[in-house]
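Analysis of the macromolecular model
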Amino acid sequence: MAIQQADKLLKKHKDLHCAKVLKAIGLQRTGKQDEAFTLAQEVAVLEPTDDNSLQALTILYREMHRPELVTKLYEAAVRKVPTSEEYHSHLFMAYARVGEYKKMQQAGMALYKIVPKNPYYFWSVMSLVMQSISAQDEKLSQTMFLPLAERMVEKMVKEEKIEAEAEVQLYFMILERLGKYVEALEVVQGPLGEKLTSELQSRENKCMMMYRRLERWAECNALSCKLLLKNPDDWQFYLLYFDSLFHLIDQSWTPPQEGAHSAEGEVHASTAQALSFMEDRIATEEAKESKHLRGPYLARLELIRRLRERSCPEAQQLGEPLELMFQFFVKFGDKPCCITDLKIFLDLLTPDQHVQFINRLMEAVPLCAPGEDGVALPGDTRALQRHLCVTQLSRSLGQQHALNTEGKLGLIKELKAHYQHGLQFGKSCLKTELQFSDMYCLMAAHVYVDLWLETGESNMLWQCLGLLEEGLSNSSSNAQFKLLLLLLYCRLGAFEPVVDLYSSLDAKHVQHDTIGYLLTRYAESLGQFAAASQSCNFSLRFFHSNQKDTSEYIIQAYKYGAFEKIPEFIGFRNRLNHSLHFAQVRTERMLLDLFLEADISSPLEESVKSMSLCPEEDDIPWDSLRDNRDLTVLVSWDPKDRQLNEEHRQRSLEEDTLWLRLRSLTLRLIGCVSALSHPPASRNSEKTTENGVAAKPSSLQSLLSQLENTLNQATQFSEKQLQYPFVGPVASRLAQALSSGCCQCQLSSLQLPLHLQELEATGLGSLLHTSLYMLEKCKGDLLEVKDSHSMTQHFLLENLVYFVETVCIVLWVSNYCGSVLRPLKSSLQKKKKKKKEASTVTVGAEFSSSLQSLLNQALEHIKSQELSLTALELGALSLEAQTQSEAEATFTKTAMDKVQSSYLRSLQEIGELLKKRADTLKSLKI
């Protein structure tokens, strides 16, 4: 409709620029990008100056992701209307979108000369700061850009033209970056500092920052004391107080004989003073009748820790940590934050105090008399919260892990009883609210996982899934239930229920990077290609919009004077652009598209071209990759020896990077195969090699060599067999890919084009043998029943996917080989040819026939698996009814059905793709 209306206008007024651009926007949004661009350029070359045309062109270029064209528009407009404040302002913002900091500085000053307003002047100053941040040469930054920015601000200070807080913030930022901390401190403490009012304690925080940089510990200590007297619950100031205190003790600091201790007042420079200060804070809290603050009590425990680390005997004067933590629990045990407060100080207890500590806490939990099942239950939500806190602390101390199988089953029964009992307190809760007893359910699920990992009994896993499904039915917004279910279903190889679970998490913005890996890691590897494509799109949409969105944030920061935020926004954008997850998803998405789409009807060359894939260029920033994954998103109460540590993080990053290298090299090699040239043989040509095969590009040889080296590194890495905590990093696909034999088989396939002249039965026989080995690795029952227990072998699904991927690569290479061998065959028929060439053609034909037979075997296996899965009656299985109620058994059955349905869908999609490839092979007449 918009295009039609624009056409009507253009018939009457041919030169109405705005109508042309509006039509172009309509064309752009209907997918006719080339037409839209041509029409827009017709207007752009005329250099319009009417605001409507300029704004419409800006909208169009932004949608085309061509912000650099907006700068040219406004450069022309400013030349024609040099006194327009609006056009100069738009030009500055256009430069900001593309990061042209030098031009921004010039545009800002030009704007200030036309309209002498402070914001325009400081836009120019900030642009100098950005030039210093982006400068490759640190010396240039410190000797030219920042000093010039400082002089520009000092000029305004001397002329008393500083008006806004943002201008003071910018001055402070410049001095800080120049390392002029004394001058920065003087600015904050002087008259200009009075303008720092937008944030609470903004001046004090900046002073504290400068004192720390200058190592003026006396002032740091005195200021933190003053601030703690004002707000005894501010944890950051306790940490600064302790840091400065021990620095002063180490320096043997003594107060001056005359005058004040420091510019900020009295200084505490001894342990005795610190003990007295803490006792005063506690006494003040004890004197209150209600609303006690947690800060002073936790600060006392923190001081004990620090004194113990320094082997100071004064630590005993503060009291016994067990008793102090008990007192804290009595005061704050009914608050959900109590567990996180106490958890960080559990290492103050000795191992032989653990049982005593939990027993003491249980004495402070008011429970009703035990019921028929022998479990004492809380009478209200406050008692429930206290009991829940003790239970979580017990797990954090490793007491639950130390139980035997029978003890853990008893614990699960008790936790379930507490969970079911606690549901009565949440009957009036909204759907979006969590149930008070949800954590009991989650902990019981964790104990089930412990049993599954220890005993290998799949029954424990099924009951765990059933329990979590029940928990989710009562508390549909509980993200922890969803995350653990998501992880368990993926571990079982069932991707179908995961899509809805992830969707219901409603991940926002940066979460597509921090937790998106939970979804994309399993997406394609479990054979649900349509869902995998959708999952990759979720993440890629966020990453692609990041570039455009961040530019808008930067523009808003300039408009509102939030200069401090501009470097943060740019850092955020870079962090996302260099995200490991982004590189993984981009690579996997391109591979997935090729495996699904590229065949004889839609040649590989076209698919590679449409992706703008250039095999010679490696666009992954390997040296600056950022691991943005949130590896602690799942709640865990594991003791320290079982927790995620730095070694796990490093090894997981190394593993994921190795897998990404393998996949990226495979993708680029596929691009190389599509680009191989093979002109017919010519008598006069000296450049063609034997059999008419053109000289191969050096990039193919180089990439194959890199792939071989990476494969060797990956094999060495997988031999270490490092185990991650269950709720830690998700293992990459590397180990399973190596085990399936697909990496070696794909490498052998991709090496064929280099050795086409020496194509012999031994080489192709080896390739077929490896392919057959891969198929054998896929055989077995995905879901089988033994002794009334169902067992899963989900790794068979991954092996099948690797088999299909390898078949695709073998077919692409075969297609290329066929294009070279066909002319040979026709020339053989015309005249007698060398024996070697005749055998080459024969071997190629035999290979094609054997490959067809292999694919038929694979299709038969998939068909048999589908039939056996369909026939399987999981509901008839005995699920140890004595440990499950009828309701629980129903939820467990639901979980089993989801897994069964997911397996069937995976087999169906894998089968369909393999059948397409088998049909492709039939049309490959080598």
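Calculation notes
- Residues numbered from 1 in each chain as written.
- Predicted model: local features only at pLDDT ≥ 70, side-chain atom pairs only at ≥ 80, totals over all residues.
- Heavy atoms only, no water.
- Helix = DSSP H or I, 4+ residues; strand = E, 2+ residues; numbered from the N terminus.
- Buried < 20%, exposed > 50% of the residue type's maximum accessible area, 1.4 Å probe, protein only.
- Lys, Arg positive; Asp, Glu negative; His and termini not counted.
- Charge placed at Lys NZ, Arg CZ, Asp CG, Glu CD.
- Polar contact = N/O pair within 3.5 Å; in protein donor to acceptor, adjacent residues only side chain to side chain.
- Contact = heavy atoms within 4.5 Å.
- Phe/Tyr/Trp six-rings, centres within 6.5 Å; stacked < 30°, edge-to-face > 60°.
- Lys NZ or Arg CZ within 6 Å of the ring centre and 35° of its normal.
- Axes fitted to C-alpha atoms, helices over the stretch in contact; angles between N-to-C directions.
- Parallel < 35°, antiparallel > 145°, perpendicular 65-115°, else oblique.
- Left-handed = near helix turned anticlockwise from the far one by under 90°.
- Nonpolar A, V, L, I, M, F, W, Y, C, P; charged D, E, K, R; others polar.
- Arc of directions from axis to C-beta.
- pLDDT = per-residue confidence, 0-100.
- Core = buried A, V, L, I, M, F, W, Y, C linked by side-chain atoms within 4.5 Å.

Focus on the overall build of the chain
- If you tally the helices and strands in the chain, you get 39 helices and two strands.
- The dimensions of the chain, computed from C-alpha atoms along their principal axes, are 110 × 90 × 60 Å.
- Looking at the chain residue by residue over its 926 residues, the buried ones come to 53%.
- Taken together, the 102 basic and 118 acidic charged side chains of the chain have centroids lying 8 Å from each other.

Here's the deal with the side chain of Ser732
- Assignment of secondary structure puts Ser732 in the loop between α33 (698–719) and α34 (734–740).
- Within polar-contact distance, the side chain of Ser732 engages the side chain of Glu655 at 3.0 Å.
- Setting aside its immediate chain neighbours within four residues, Ser732 contacts Arg521, Glu655, Asp656 and Trp659.

Some remarks on the packing of aromatic side chains
- Counted according to the given criterion, the structure contains 18 aromatic pairs.
- A ring pair is formed by Trp659 and Tyr802, whose centres lie 6.4 Å apart and whose planes are at 75°; its orientation type is edge-to-face. Residue Trp659 is found in helix α32 (residues 646–675), and its partner Tyr802 is found in helix α37 (residues 795–830); the two are separated by 143 residues along the sequence. Just as Trp659 is buried, Tyr802 falls in that class too.
- Its guanidinium or amino end placed over the ring of Phe277, Arg281 lies 4.8 Å from that ring's centre, counting from NZ or CZ.
- Lying across the ring of Phe329, Arg386 places its NZ or CZ 5.4 Å from the centre.

A word on the packing of helix α2 (residues 17–29) against helix α4 (residues 51–63)
- The geometry of α2 relative to α4 is characterised by a closest axis approach of 8 Å and an angle of 15° between their N-to-C directions. Comparing their axes, α4 and α2 come out roughly parallel. Handedness of the α2/α4 crossing: left-handed. Seen from α2, the contacting residues are His17, Cys18, Val21, Ala24, Ile25, Gln28 and Arg29; seen from α4, they are Asn52, Ser53, Ala56, Leu57, Ile59, Leu60 and Glu63.
- Each residue belonging to the contact of α2 with α4 can be placed in one class, and the counts come to eight nonpolar, four polar and two charged.

Brief notes about the side chain of Ser53
- Among the structural elements, Ser53 can be located in helix α4.
- What Ser53 contacts, discounting residues up to four positions off in sequence, is His17, Cys18, Val21 and Pro48.

Some details on the packing of helix α12 (residues 202–213) against helix α14 (residues 235–250)
- Two numbers describe how α12 lies on α14: the axes approach to 13 Å, and their chain directions differ by 25°. Comparing their axes, α14 and α12 come out roughly parallel. Crossing of α12 over α14 shows left-handed handedness. Residues Asn205, Met208 and Arg212 of α12 touch α14, and the partners they reach there are Gln236, Phe237, Leu240 and Asp243.

So, helix α11 (residues 181–189)
- All of the buried residues in α11 are Ala184, Leu185, Val187 and Val188. Taken end-on, α11 shows its buried residues confined to a sector of 155°, consistent with a single buried face.
- Where α11 is buried, its residues meet α10 (165–177) and α12.

Some details on the confidence of the model for the chain
- The pLDDT averaged across the chain works out to 87; a share of 91% of its residues lies at or above 70.
- Per-residue pLDDT stays below 50 along residues 878–882; that stretch engages in eight contacts with residues further than four places along the chain or on separate chains.

Quick notes on the nonpolar core
- Of all hydrophobic cores here, the largest spans 139 residues; its most connected members are Leu468, Leu488, Tyr489, Phe495, Leu518, Phe803 and Trp812.
- Ranked by residue count, the leading element in this core is α37, at 17 residues.
- Discounting chain neighbours no more than four positions away, the residues touching Leu488 are Val449, Leu461, Cys464, Leu465, Leu468 and Phe726.
- Listed in part, the 132 residues of the second largest apolar core include Cys225, Leu228, Tyr241 and Tyr558.

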